[in-house]
Amino acid sequence: MLKVDKIAVHYGGIPALHEVSFKVMKGELVAIVGANGAGKTTTLKTIVGTLKPVSGLIEFEGVDITRKNVAEVVNSGITYIPEGRRIFARMTVEENLLLGAFTLQKKEEIGKSLDYVYHLFPILKERKNQKGGTLSGGEQQMLAIGRGLMAKPKLLMLDEPSLGLMPKLVDKILDIVKKLQEEGHTILLVEQNVQEALELADRGYIIQTGRTIQEGTGEELLQSNIVKKAFLGI
């Protein structure tokens, strides 16, 4: 579904990504892990079009999207849920969700998406008339994910969904991510909780200083010396 081939990205002339390559097959949950500053978020921003690579290729469903703008990428079926949730605090839960459906044309489609999100997250239905800013951190993350799902994406990119959450909520959010895959969603996950992410993932990639340095199944990477030493303290 997604192919990223040797993309390089610069920030003001300073290299941020050198040669990042990976692929995501339909129905997979693929994790990208690495230390802070390794280039994980930069990679997602480049895929969705907010950053432009100086070289390399990005293909989605066989179509070159390397130079497409954000609107074109989103309309092609990719949704990016950034770190930090970034919901609209003064808008209601339902207003936040409806903003995510801007690519849908028919009221019937929007209604079905809304019903689906409320089915996944009953708490959001209970709180649909509350301001987004009054929700707990975990509920806000559910709202951010729900808003992303409103567009019926073919590929859902999640950037650090557990960031800033209490440990018990981290498990809950990652359980939701796995449930989304089980329901047929294709997911590209960037996550600071390396062990949890790789336990969920079908496959994973390690990014270090802007380069893809290792790939494998989630289980293979958990057993690799790089992951054990750098992230698990073994």
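To start, this report covers the structure provided alongside it. (Residues numbered from 1 in each chain as written. Predicted model: local features only at pLDDT ≥ 70, side-chain atom pairs only at ≥ 80, totals over all residues. Heavy atoms only, no water.)

### Examining the pairing of strand S4 (residues 55–60)
Next up, step 1: Examined bridge by bridge, strand S1 (residues 2–11) and S4 share five bridges and lie antiparallel to one another. By the bridge assignment, Val4 is partnered in S4 with Ile58.
Next up, step 2: As judged from the two bridges shared by S4 and strand S5 (residues 63–64), these two strands associate in the antiparallel manner. Note that in S5 the partner of Phe60 across the bridge is Val63.
Next up, step 3: The antiparallel hairpin formed by S4 and S5 contains two residues in its connecting segment, where Glu61 sits at a positive phi of about 50°. (Pairing = 2+ DSSP bridges. Helix = DSSP H or I, 4+ residues; strand = E, 2+ residues; numbered from the N terminus.)

### Focus on the packing of helix H6 (residues 137–149) against helix H7 (residues 167–182)
Next up, step 1: The geometry of H6 relative to H7 is characterised by a closest axis approach of 10 Å and an angle of 20° between their N-to-C directions. Between H6 and H7, the angle falls in the class roughly parallel. Taken as a pair, H6 and H7 cross one another with a handedness that is right-handed. Listed contacts from H7 to Gly138, Gln141, Met142, Ile145 and Leu149 of H6 are Leu169, Lys172, Ile173, Ile176 and Leu180. (Axes fitted to C-alpha atoms, helices over the stretch in contact; angles between N-to-C directions. Parallel < 35°, antiparallel > 145°, perpendicular 65-115°, else oblique. Left-handed = near helix turned anticlockwise from the far one by under 90°. Contact = heavy atoms within 4.5 Å.)

### Some words on the pattern of salt bridges
Next up, step 1: In the structure shown here, the tally under the stated rule is four salt bridges.
Next up, step 2: Two residues, Glu28 and Arg203, come together in a salt bridge whose shortest N-O distance is 2.8 Å. Taken as a pair, Glu28 in the loop between strand S2 (14–24) and strand S3 (29–33) and Arg203 in strand S9 (residues 203–208) lie far apart in primary sequence, 175 residues in all. Accessibility classification places Glu28 together with Arg203 in one group, the buried group. (Salt bridge = Lys/Arg side-chain N within 4 Å of Asp/Glu carboxyl O. Buried < 20%, exposed > 50% of the residue type's maximum accessible area, 1.4 Å probe, protein only.)

### Details of unusual backbone geometry
It is generally the case that most residues other than glycine have a negative phi and that most peptide bonds are trans.
Next up, step 1: In the Ramachandran plot, Glu61 falls in the positive-phi region, its phi being about 50° despite a non-glycine side chain.
Next up, step 2: Tracing the sequence through the fold places Glu61 in the loop between S4 and S5.
Next up, step 3: Backbone geometry at Thr209 places phi at a positive 45°, although glycine is not the residue there.
Next up, step 4: Within the secondary structure, Thr209 sits in the loop between S9 and strand S10 (211–217).
Next up, step 5: Overall, Thr209 belongs to the exposed group, its relative accessible area being 54%.

### Re the pairing of S10
Next up, step 1: Sheet topology note: the S9/S10 ladder contains six bridges and is antiparallel. Paired with Arg203 across the two strands is Thr217, which belongs to S10.
Next up, step 2: If you look at the hairpin formed by S9 and S10, you'll find two residues sitting between the two strands, and Thr209 has a positive phi there, around 45°.

### Side note on the packing of aromatic side chains
Next up, step 1: Inspection of every chain in the model, using the stated rule, returns one aromatic pair.
Next up, step 2: With 5.7 Å between their ring centres and 50° between their planes, Phe22 and Tyr205 make a pair best called tilted. Remark: Tyr205 occurs in strand S9 and Phe22 occurs in strand S2; sequence separation between them is 183 residues.
Next up, step 3: Residue classification places Tyr205 among the buried residues on the basis of a relative accessible area of 2%. (Phe/Tyr/Trp six-rings, centres within 6.5 Å; stacked < 30°, edge-to-face > 60°.)

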